[in-house]
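# Architecture and fold: a report
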Amino acid sequence: MTEGNVFRLPGSKPLPIHAAAEEIERLVNTMTQQNPVMAQALRCHYFNRGSLRYKAKKLAISHTQFKNYVDMAHQWLLGRLSSRLEIV
């Protein structure tokens with residue numbers, strides 16, 4: 001860079017916080033304690049690339065079982081989130 005100035009403000013900049021994402025992460029961590037394979041399938045479903053069959057093969061389970069784990073994880077999360085709404 002040959003022109004211009006760079007100004008730095010003192011202090012660190014805080015990272016942004018997404019409350020809903022943090023809540024889901026806490027719930028998935030709780031799910032890991034209760035059913036680690038179901039939580040692993042859910043994480044694989046959202047964070048890994050490839051088809052469902054590829055993801056299932058990566059976890060060494062059948063395609064159908066992978067889909068079942070993901071569906072059960074969604075229902076588990078839905079139940080936890082719904083119960084929190086009823087409390088509020």
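Structure first, text after, so check above.
Residues numbered from 1 in each chain as written. Predicted model: local features only at pLDDT ≥ 70, side-chain atom pairs only at ≥ 80, totals over all residues. Heavy atoms only, no water.

## Let's talk about the overall build of the chain
This is how it is decided: Only runs of H or I of at least four residues qualify as helices and only runs of E of at least two qualify as strands under DSSP, and these elements are numbered from the N terminus. Any two residues having at least one pair of non-hydrogen atoms within 4.5 Å are treated as being in contact. Throughout, the Shrake-Rupley method with a 1.4 Å probe supplies accessible areas, and for residues the shown protein chains are the sole cover considered.
Scanning the chain for helices and strands turns up four helices and zero strands. Moving toward the C terminus, one meets the helices and strands of the chain in the order α-α-α-α. Expressed as a percentage of contacts within the chain between residues at least 6 apart in sequence, the contacts between residues at least 24 apart total 50%. Here the chain displays about 7400 Å² of accessible surface, and carbon together with sulfur accounts for 57% of that area.

## A look at helix 2 (residues 36–47)
Selection criterion: One fewer than the residue count of a helix, multiplied by 1.5 Å, yields its expected span. We call a residue buried when its accessible area falls under 20% of the maximum for its residue type, exposed when it is over 50%, and partly exposed in between, using a 1.4 Å probe and counting protein chains only.
Given a rise of 1.5 Å per residue, twelve residues ought to cover 16 Å, and the 16 Å separating the end C-alpha atoms of helix 2 matches this to within 8%. Of all the positions in helix 2, only Met38, Ala39, Ala41, Leu42 and Cys44 are classed as buried.

## Remarks on the layout of surface pockets
In plain terms, the rule: Grid points spaced at 1 Å over the protein atoms alone were grouped into cavities, where a 1.4 Å probe fits but cannot get out, and pockets, open sets with protein on both sides within 12 Å along at least five of seven lines, with lining residues defined by an atom within 4 Å of a point. Grid points are joined across faces, edges and corners, and a volume is the space filled by probe spheres set on the points.
Size it by volume and the largest pocket reaches roughly 180 Å³. Residue lining of the largest pocket: Ile24, Glu25, Val28, Leu42, Arg43, Tyr46, Phe47, His74, Leu77 and Leu81, and that is the complete set. With four residues, helix 2 is the largest single contributor of residues to the lining of the largest pocket.

## A word on the side chain of Lys55
Selection rule: The positive count covers Lys and Arg only, the negative count covers Asp and Glu only, and His and the chain ends enter neither. Basic side-chain nitrogens of Lys or Arg form a salt bridge, by our definition, when they fall within 4 Å of a carboxyl oxygen of Asp or Glu. Here a polar contact means two N or O atoms within 3.5 Å. Within protein one must be a hydrogen donor candidate and the other an acceptor candidate, and residues neighboring in sequence count only if both atoms are side-chain atoms.
Within the secondary structure, Lys55 is located in helix 3 (residues 52–58). Buried within the structure, Lys55 lacks any salt-bridge partner; its nearest side chain of opposite charge belongs to Asp71, at an N-O separation of 12 Å. A polar contact of 3.3 Å, which involves the side chain of Lys55, links it to the backbone oxygen of Asn48.

## Thoughts on helix 1 (residues 19–34)
How we decide: Note: the arc covers the axis-to-C-beta directions of the helix.
Relative to the 22 Å expected for 16 residues at 1.5 Å per residue, helix 1 spans 23 Å between its end C-alpha atoms, a close match to the ideal helical length. Listed as buried for helix 1 are Leu27, Val28 and Met31. Looking straight down helix 1, one finds its buried side chains confined to an arc of 100 degrees; they lie on one side. Exposed residues lying more than 90 degrees from the buried face of helix 1 are Ala19 and Gln33.

## Side note on the pattern of salt bridges
Taken as a whole, this structure holds one salt bridge when the rule is applied. Here Glu25 makes a salt bridge to Arg43, at a shortest N to O gap of 3.2 Å. In this pair, Glu25 sits in helix 1 while Arg43 sits in helix 2, placing the two residues 18 residues apart along the sequence.

## Observations concerning unusual backbone geometry
Positioned with a positive phi, Ala60 is a non-glycine residue whose angle comes to about 60 degrees. Mapped onto the fold, Ala60 is located in the loop between helix 3 and helix 4 (63–87). Taking the relative accessible area as the measure of exposure, Ala60 reaches 69% and is therefore exposed.

Shape is all these values report; function is a separate question.
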